[in-house]
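Structural description and commentary
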Amino acid sequence: MAAERGPVMATCTAPVNIAVIKYWGKRDTDLILPINSSLSVTLHQDQLKTTTTAAASRDFTEDRLWLNGKEVDVGHPRVQACLREVRRLARKRRGGGEDAAALSLSYKIHIASENNFPTAAGLASSAAGYACLVSALARLYGLQEELSEVARRGSGSACRSMFGGFVQWQRGERPDGTDSLALQVAPETHWPELRVLVLVVSGEKKPVGSTAGMQTSVETSPLLKHRAEVVVPERLAQMMRHIRDRDFEGFGQLAMRDSNQFHATCLDTFPPIFYLTDVSRRIIALAHRYNAHHGHTKVAYSFDAGPNAVIFALADTVAEFVEVVRRSFPPATNGDQFVRGLPVGSAVLSQELVGAVVTEPVPGAVQYILHTQPGPGPQLVDDPSQHLLGADGLPRSRA
Ligand code: DP6
């Protein structure tokens, strides 16, 4: 075969996930080992995804990384940990010897990564980002094994984005982290009626990042210790049953309680951390009024380390609840862009519902709503025209 010309490339996409039993706190900050197991729902990549191209060439003189078209430092310790682990596994697979057909591990690599959603919207991008990085690198080096353990080294929650549907990150017991892995609990097809609404309330950056925040919580919050030791093991088993039975009442109740307890541990941290804003709290109150009006759990909220609300609902509730949100937070401008993602039907609200649920509207407090659903894990992009890097190994100019 003639000598290889141009870089060898692989492109993958990976999803965002939202935890319904939250991860908060590490027992090992270097290996990223959690103090408790967690459970999440993988969101569909049609609405939220990261795309990453990894390329290797004998002509590259250094490893390089571009995020959303901008070059960033490839020396970031977590990026380096992922790179090192993937290369180590590739080396192990080849049994130390050089396989002539395999890509040389001595080549430098170029990586380009992009989100199809605004990073500034405060939506968890590190989980999708590291899951995608590891998936693309694995493809490049021809690794077949399960790599949630490697994605975990980038960001804890990233290990859960290595699967679709409903995913558990089991805490593990071993000090080396080899049993701290993600496992699929049920595929994305398991609960076809389940829908997700992301209520984007703020584009501001978090006041305290998750990594620093959770470390302070581990050091100072007795509630977090109790949560990890006593509450989460029970809740995890319950949540698995609710998912298995597609029991929205149980699932929704527990998701809300677990989100609330996570934010309670933030308040119990010293100095305290506040991720929820007044608008977040209004959304919480709205969800409870809405459920009370209907006499059962129709919607459930969950908040990560930021003010945006993620709402779970069944498909037949979406149109009505979206209208309730529109009335409660009337769009300031671009009203036609208020609802994005999957189509949402129209709904007429009864006077009774409006009277009971829509109290004191706050114009402009919710920027937009993204309608999505559970989706699959990382995907390989076959079409070479979709590579984010050109034949010269540099980012393609974006349209
Ligand atoms: C509140 O995974 O972002 O979203 O492991 O330090 O990178 P690091 O933290 P990260 O924390 C996510 C915390 C959370 C809850 C969750 O996703 O389980």
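This one's a predicted model, so the numbers in the text were calculated from it and none came from an experiment.

Looking only at helices and strands, the protein features 9 helices and 17 strands. In terms of overall size, the protein behaves like a compact globule, its C-alpha atoms giving a radius of gyration of 22 Å where 399 residues would be expected to give roughly 21 Å. Over its C-alpha atoms, taken along the principal directions, the protein stretches across nearly 75 × 45 × 40 Å. A buried classification covers 53% of the 399 residues belonging to the protein. Here the protein carries 42 positive and 41 negative side-chain charges, and the mean point of each set is 2 Å from the other.

Turning our attention to the site of the ligand. Around the ligand there are 18 residues in total, and Tyr-23, Lys-26, Arg-78, Ser-155 and Ser-157 lie nearest to it. Between an oxygen atom of the ligand and a side-chain N or O atom of Tyr-23, the distance comes to 2.6 Å. Here Asp-304 contributes a side-chain N or O atom positioned 3.4 Å from an oxygen atom of the ligand. About the coverage of the ligand: the protein hides 94% of its 460 Å² of free accessible area.

All right, on to the layout of surface pockets then. Taken as a whole, the second largest pocket spans an internal volume of roughly 400 Å³. Contributing to the lining of the second largest pocket are 15 residues, with Ser-135, Gln-144, Glu-145, Leu-147 and Met-162 lying nearest its centre. Elements that contribute at least two residues to the lining of the second largest pocket include exactly helix H2 (126–140) and strand S17 (379–380). In terms of residue count, the dominant contributor to the lining of the second largest pocket is H2 (3 residues). The residue inventory of the lining of the second largest pocket, partitioned by class, reads 8 nonpolar, 4 polar and 3 charged.

Before going further, it helps to spend a moment on the nonpolar core. Membership of the largest hydrophobic core comes to 63 residues, with the highest contact counts inside it found for Phe-251, Ile-283 and Phe-312. Residues lining this core come from more than one domain, with at least three contributed by each of domain 1 (8–188 + 380–386) and domain 2 (194–372). Residues contacting Phe-251, with those up to four places away along its chain left out, are Val-20, Val-41, Trp-191, Leu-194, Met-239, His-242, Ile-243 and Phe-312.

What follows covers the sheet that holds S17. Reading across the sheet, the 6 strands line up as S8-S7-S9-S6-S1-S17 and stay open at both edges, with mixed pairing between neighbours. In the strand order of this sheet, the two ends are held by strand S8 (70–72) and S17, each with one partner. Here strand S7 (residues 64–67) pairs with S8 via 3 bridges, running antiparallel. Among the inter-strand pairings, Trp-66 is bridged to a residue of S8, identified as Glu-71. Contacts between H2 and the sheet are confined to strand S1 (8–15), strand S6 (49–57), strand S9 (108–115) and S17, with S1 contributing the most and set at about 150° to the helix.

As for its position among the elements, Ser-104 is in the loop between helix H1 (77–93) and S9. Through-space distance from the C-alpha of Ser-104 to that of Val-362 is 58 Å; in sequence the pair is 258 residues apart.

Attention now moves to the domain arrangement of the protein. Along its sequence, the protein is organised into domain 1 (8–188 + 380–386) and domain 2 (194–372). A C-alpha centroid distance of 27 Å is found between domain 1 and domain 2. Each partner contributes to the interface: domain 1 provides 30 residues, whereas domain 2 provides 45 residues. Taking both sides of the interface into account, the surface hidden between domain 1 and domain 2 amounts to around 2900 Å²; carbon and sulfur atoms contribute 72%. Counting across the interface, domain 1 meets domain 2 through 1 salt bridge. Here domain 1 and domain 2 share 8 residue pairs in polar contact (both at pLDDT 80 or more) between them. Contributions of two or more residues to the side of domain 1 that touches domain 2 are made by strand S2 (17–21), strand S5 (38–42), strand S10 (166–169) and strand S11 (182–186). It is S2 that contributes the most residues to the side of domain 1 that touches domain 2, 4 residues altogether. Its residues placed into classes, the side of domain 1 that touches domain 2 shows 18 nonpolar, 9 polar and 3 charged.

Moving on, we come to the packing of H1 against H2. Running from N to C, H1 and H2 point in directions that differ by 30°, and their axes come no closer than 10 Å. Relative to H2, H1 is oriented roughly parallel. Here H1 runs over H2; the crossing is right-handed. Judged by residue contacts, Arg-78, Val-79, Cys-82, Leu-83 and Val-86 of H1 engage Tyr-130, Leu-133, Val-134, Leu-137 and Ala-138 from H2. Here the residues of the contact of H1 with H2 are counted per class, giving 9 nonpolar, no polar and 1 charged.

Under the definition given, this model contains 14 salt bridges. Salt-bridge contacts for Arg-64 lead to Glu-71; the nearest nitrogen and oxygen are separated by 2.7 Å. Owing to a relative accessible area of 22%, Arg-64 belongs among the partly exposed residues under this scheme. Judged by relative accessible area, Glu-71 falls into the partly exposed class, the value being 39%. Of the charged contacts in the structure, one is a salt bridge between Glu-145 and Arg-93, with a shortest N-O distance of 3.7 Å. Of the two residues, Glu-145 is situated in the loop between H2 and helix H3 (148–151) and Arg-93 in helix H1; the sequence distance between them amounts to 52 residues.

Rules behind the numbers
- Residues numbered from 1 in each chain as written.
- Predicted model: local features only at pLDDT ≥ 70, side-chain atom pairs only at ≥ 80, totals over all residues.
- Heavy atoms only, no water.
- Helix = DSSP H or I, 4+ residues; strand = E, 2+ residues; numbered from the N terminus.
- Rg over C-alpha atoms; globule rule 2.2 N^0.38 Å.
- Buried < 20%, exposed > 50% of the residue type's maximum accessible area, 1.4 Å probe, protein only.
- Lys, Arg positive; Asp, Glu negative; His and termini not counted.
- Charge placed at Lys NZ, Arg CZ, Asp CG, Glu CD.
- Near = heavy atom within 4 Å.
- Polar contact = N/O pair within 3.5 Å; in protein donor to acceptor, adjacent residues only side chain to side chain.
- Areas by Shrake-Rupley, 256 points an atom, 1.4 Å probe, with all protein chains shown as cover.
- 1 Å grid on protein atoms, 1.4 Å probe; cavity = no way out; pocket = protein on both sides within 12 Å on 5 of 7 lines; lining within 4 Å.
- Points joined across faces, edges and corners; volume = space filled by probe spheres on them.
- Nonpolar A, V, L, I, M, F, W, Y, C, P; charged D, E, K, R; others polar.
- Core = buried A, V, L, I, M, F, W, Y, C linked by side-chain atoms within 4.5 Å.
- Domains from an automatic or database assignment.
- Contact = heavy atoms within 4.5 Å.
- Pairing = 2+ DSSP bridges.
- Axes fitted to C-alpha atoms, helices over the stretch in contact; angles between N-to-C directions.
- Buried area = accessible area lost by both parts, 1.4 Å probe.
- Salt bridge = Lys/Arg side-chain N within 4 Å of Asp/Glu carboxyl O.
- Parallel < 35°, antiparallel > 145°, perpendicular 65-115°, else oblique.
- Left-handed = near helix turned anticlockwise from the far one by under 90°.

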